[in-house]
Amino acid sequence: MERLKALMRMTAVRLSALYFLLFAICAVVLVVYVTATASNLLESQSRNAIQDEIAELAQIYQSSGIIGLVRTIDRRARQPGASLYLATDATGRIIAGNVESLQAGVLDDEGFTPEAFAYERFTTDARDRYHIAIADVVALPNGMRILVGRDQTEQVRFRSVVQSALILALALMGAAAVLAWLFIGRRALQRLDRMSVSSARILSGDLTERLPVTGAGDEFDRLSENLNILLARVALLQEGLQQVSDNIAHDLKTPLTRLRNRAEEALAGPADTATTRSALEGMIGEADQMIRTFDALLMISRVEAGSHAVLKAEVDIAAIVADLAELYEPLAEEAGAALLVDAPTSLKVLASRELIAQALSNLVDNALKYAGGTGRPARIAVALAADERRWWLSVEDDGPGIPAEMHGRVLERFFRLDQSRSMPGSGLGLSLVQAIAQVHGGQLRLEDADPGLRVVLEFPREDTTRPDGQS
């Protein structure tokens, strides 16, 4: 009973029941209409035939009198067919005709009988003795009664057969519908039970569990497939969150340990101003690095979540490149690196000046850390190019580069090729650049510069301004 209640709560089952009920009502109405129309047509034809025969008998009565009328009725009554003929005297005694007895009261009133009546025929077959008919009764001046009618037994049987067929058809349809509901509903409940079991496992923390897919391609499969994609995404995010948490713990533990060690050294050492000042400056540097790490994390989260106010305006990307080149040129010279710029004199697009400058700054910072190699001077190349649909910003260095199989990993937060964390940085630079590219509808690509690494930012162009020269 509980499963039946659960089955009836299913929308598909309730819709099927509603459709069956509507179909049954329409079928009943249609059959009743057709049957009634056919019966009315047959009755109308019978009445017209009766009237024609009454008119013929009236002419015979006018020309041949009572004797001719009775003889005609007797002759026609002996012919096979559905016609009824009866002539009675004033006392109601049957003189001629093919009717053995009539329902009481039929001959009392002249004209067409208001409804079908029962009568008995002269026959030796008891099964064909009782019939139904309609008739017209005519009273003669001498008190005689003349009845002319048509048998309606076949019409009644026709209606009875149609009604029986309709009842049988509806019964069979109802039984088939119930069986179909039980079969389909049971399968649906079984699938829902399996989905519920899988959902319970997922809620218990097993993110590797997936909802069952039967391959039928129905709505349950489509729902399961979409939810499985969602679960895979959640599992990936959960794994990423776990990795980020581990990396945060590792990257915070190191500077915090250094802070504590510097503080202990300052307390254990001589209480002179220079030593204390040096220890405090080192502690401030470590604290600044942690603050930069958290700032980068916060900006990545805000950009990815869309909560960071990305105010796009018409900006000159070439001017941003020139400003950053001017800013980093002294740092490049100090590091013994050559900073090369290949950009048009002007390139105006719709973008966020702050975020594009942040992305370019991160890429140049990374290039300065890793540019150069044994026996060759360091080189950093910044390039800007565009066509009518897109524009590109790339930063290339001639350092050791990144293996192709690690290109996806280095875009993860806190992931660093330098597992010893001996190089400065937090492992968030490329993650932030990728988030900035995505919020502008663009993408980040890592390419092998042979030697070195080339980072390419590709953005869709939202204006028709063309670069007007190269510098």
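For the structure, check the block above.
Student: Describe in detail the nonpolar core, supporting the description with residues and values.
Tutor: If you look at the biggest cluster of nonpolar residues, it comprises 47 residues, and the most contacted ones within it are Ile317, Leu384, Trp391 and Leu457. Apart from the residues within four sequence positions on either side, isoleucine 317 is in contact with Leu347, Val349, Ile356, Leu384 and Trp391. Grouped together as the second largest cluster of nonpolar side chains are 16 residues, Ala96, Ile134, Leu140 and Met144 included.

Student: For the pattern of salt bridges, give the residues involved together with the corresponding values.
Tutor: A complete count under the given rule lists 16 salt bridges for this structure. With its nearest N and O atoms 3.4 Å apart, the salt bridge here joins arginine 76 to glutamate 53. With respect to burial, arginine 76 and glutamate 53 carry one shared label: buried. Several salt bridges share partner residues, and in doing so they unite Arg379, Asp387, Arg390, Glu396, Arg445, Glu447, Arg454 and Glu458 into one network.

Student: Tell me about the sheet that holds strand 11 (residues 378-386), and please be specific about residues and values.
Tutor: Judged by pairing direction, the sheet is mixed, and its five strands sit side by side in the order 9-11-12-14-13 without closing on themselves. Only two strands of the sheet have a single partner each, and these edge strands are strand 9 (337-342) and strand 13 (443-448). If you compare each strand with its neighbour and ignore which way they point, the axes differ by 15 degrees on average. The sheet contact formed by strand 11 and strand 12 (residues 390-397) spans seven bridges and is antiparallel. When the sheet's bridge partners are listed, alanine 381 is paired in strand 12 with glutamate 396. Sheet strands in contact with helix 7 (residues 353-370) are strand 11, strand 12 and strand 14 (453-460), and its direction is about 25 degrees off that of strand 12. Of the strands in this sheet, strand 13 and strand 14 are in contact with helix 8 (residues 429-439), which crosses strand 13 at around 130 degrees.

Student: Which residues make up the packing of aromatic side chains, and what values go with them?
Tutor: Evaluation of the coordinates by the stated rule reveals two aromatic pairs. Their ring planes at 20 degrees and their centres at 4.4 Å tell us that tryptophan 391 and phenylalanine 459 sit as a pair that is stacked. Separated by 68 residues along the polypeptide, tryptophan 391 in strand 12 and phenylalanine 459 in strand 14 bring together distant segments of the chain. For the residue pair tryptophan 391 and phenylalanine 459, the accessibility class agrees, reading buried in each case.

Student: Can you lay out empty space enclosed by the protein for me, pointing to particular residues and giving the numbers?
Tutor: Tallying each qualifying case throughout the model produces one cavity of 30 Å³ or more. Estimates place the volume of the largest cavity at around 40 Å³. Only helix 6 (317-334) and helix 7 provide two or more residues apiece to the lining of the largest cavity. Here the element with the most residues in the lining of the largest cavity is helix 6; it accounts for four residues. Considered class by class, the residues forming the lining of the largest cavity number eight nonpolar, no polar and no charged.

Analysis parameters
- Residues numbered from 1 in each chain as written.
- Predicted model: local features only at pLDDT ≥ 70, side-chain atom pairs only at ≥ 80, totals over all residues.
- Heavy atoms only, no water.
- Core = buried A, V, L, I, M, F, W, Y, C linked by side-chain atoms within 4.5 Å.
- Buried < 20%, exposed > 50% of the residue type's maximum accessible area, 1.4 Å probe, protein only.
- Contact = heavy atoms within 4.5 Å.
- Salt bridge = Lys/Arg side-chain N within 4 Å of Asp/Glu carboxyl O.
- Pairing = 2+ DSSP bridges.
- Helix = DSSP H or I, 4+ residues; strand = E, 2+ residues; numbered from the N terminus.
- Axes fitted to C-alpha atoms, helices over the stretch in contact; angles between N-to-C directions.
- Phe/Tyr/Trp six-rings, centres within 6.5 Å; stacked < 30°, edge-to-face > 60°.
- 1 Å grid on protein atoms, 1.4 Å probe; cavity = no way out; pocket = protein on both sides within 12 Å on 5 of 7 lines; lining within 4 Å.
- Points joined across faces, edges and corners; volume = space filled by probe spheres on them.
- Nonpolar A, V, L, I, M, F, W, Y, C, P; charged D, E, K, R; others polar.

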